Amino acid sequence: YSLLVHCTFASMHQRFSTQAPRLLNRAPRSAIRASVKMSTDKTKTYSLQPPGPGLVRVWYKRRDGKLQEWGLHVWGDVVKPTDWQFPLGPSGLAGGSIYWDVPVRSVDAHFLGLLVHVGETKSARAELQISDVGAGREVWLAGDEQHAFYGNEPNFDTLPVGSLGKQSAIWVSSDIIAWRAALNDSLGPRRFHLHLNSKGTMSTDAKGVCGAEAVFEL
């Protein structure tokens, strides 16, 4: 059997009358809050000149448009890898997305690791070869996607909703399922659904999780 706990901000899935297992929800053990702030002053302008030498520009966009407090954790061939508690604050805001200009090493810079997060809440993530970024030195991260996008800005209308790579449920016993996730976060209340497939063949598309034989709203 394949079980998936899926978090959404709005109910998108059919509710089944079958009795669901008992569920235990526990908040994360650590709730380190990163001191990342983004200006909400719409009159503030940012330079959209191409990134300078030694920089890779990392763009980030979300379906809900809520971009405040998100920071960027970086590792690999960067000038200064970040500590988890102190991610990079955005370098700018443009067109409904934020971006970071990440300094990379001037010699033998090949690998770049990226992870967008607020405290212990993780979002988009990618590990990439800097040579793949191209001459424009710009790359996109979107929603909770676990890979980077090159070239054009990604379109959420064609991207899967959610990520099967972020499964978090633990089947404790025949009638108890536990998962560690906050019921609320800085973006507001969260909603959870349990998806079941006896053959483990679920996937996601632009509408959400596909292939579930049963769905329980938790």
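Within every chain, residues take consecutive numbers counted from 1 along the sequence as written. Only residues with pLDDT of 70 or above have their local features reported here, since the model is predicted, and side-chain atom pairs are shown and tallied only from 80 upward, although totals for entire chains, interfaces and linings are computed over all residues. With hydrogens and water stripped out, all remaining heavy atoms of the structure feed into the side-chain values.

**Remarks on the sheet that holds strand S8 (residues 121–129)**
Basically, it comes down to this: Two strands qualify as a pair provided that DSSP identifies no fewer than 2 bridges between them. Every helix listed is a DSSP run of H or I at least four residues long, and every strand listed is a run of E at least two residues long, numbered separately from the N terminus. Here an angle of 0 to 180 degrees is reported between the N-to-C directions of two axes, which are lines fitted to C-alpha atoms, with helices fitted over the stretch in contact.
Ordered in space as S4-S7-S8, the three strands form an open sheet in which the pairing is antiparallel. This sheet does not close on itself; its edge strands, each paired only once, are strand S4 (71–76) and S8. Ignoring which end each strand starts from, the neighbouring axes of this sheet average 15° apart. Note that S4 and strand S7 (residues 111–118) share six bridges and pair antiparallel. When the sheet's bridge partners are listed, His73 is paired in S7 with Leu115.

**A short note on the pairing of strand S6 (residues 97–103)**
Just so we agree on the cut-off: For every residue, the accessible area obtained with a 1.4 Å probe (protein chains only) is divided by the maximum for its type, and the residue is called buried under 20%, exposed over 50%, and partly exposed between those limits.
Among the seven residues in S6, five count as buried, and that is most of the element. Relative to S6, strand S3 (residues 55–61) runs antiparallel, the two sharing six bridges. Paired with Tyr60 across the bridge in S6 is Ile98. Sheet topology places strand S5 (residues 92–94) next to S6; three bridges connect them, and they run antiparallel. Bridging across to S6, Ala94 finds its partner in Ser97.

**Re the confidence of the model for the protein**
The criterion, for reference: Each residue gets a pLDDT score, which is the predictor's confidence in that residue and runs from 0 to 100. By definition, residues are in contact when any of their heavy atoms lie within 4.5 Å.
In this model, the protein carries a mean pLDDT of 75, and residues with pLDDT of at least 70 account for 72%. No element of the protein has a lower mean pLDDT than strand S2 (residues 22–26), which averages 41, and none a higher one than S4, which averages 96. Every residue in residues 7–47 is under pLDDT 50, and counting partners more than four places away or in other chains gives 94 contacts.

**Regarding the environment of Arg105**
Put simply, the rule is: Whenever two N or O atoms come within 3.5 Å, that pair is a polar contact, provided that in protein one can donate a hydrogen and the other can accept it, and provided that, for residues adjacent in sequence, both atoms are side-chain atoms.
When you line up the elements, Arg105 lands in the loop between S6 and S7. Look at Arg105 and you get partly exposed, because its relative accessible area is 37%. On a C-alpha basis, the gap between Arg105 and Asp77 in space is 5.9 Å, while along the polypeptide they are 28 residues apart. Apart from the residues within four sequence positions on either side, Arg105 is in contact with Asp77, Val78 and Val79. Here Asp77 takes part through its side chain, which lies 3.1 Å from a polar atom of the side chain of Arg105.

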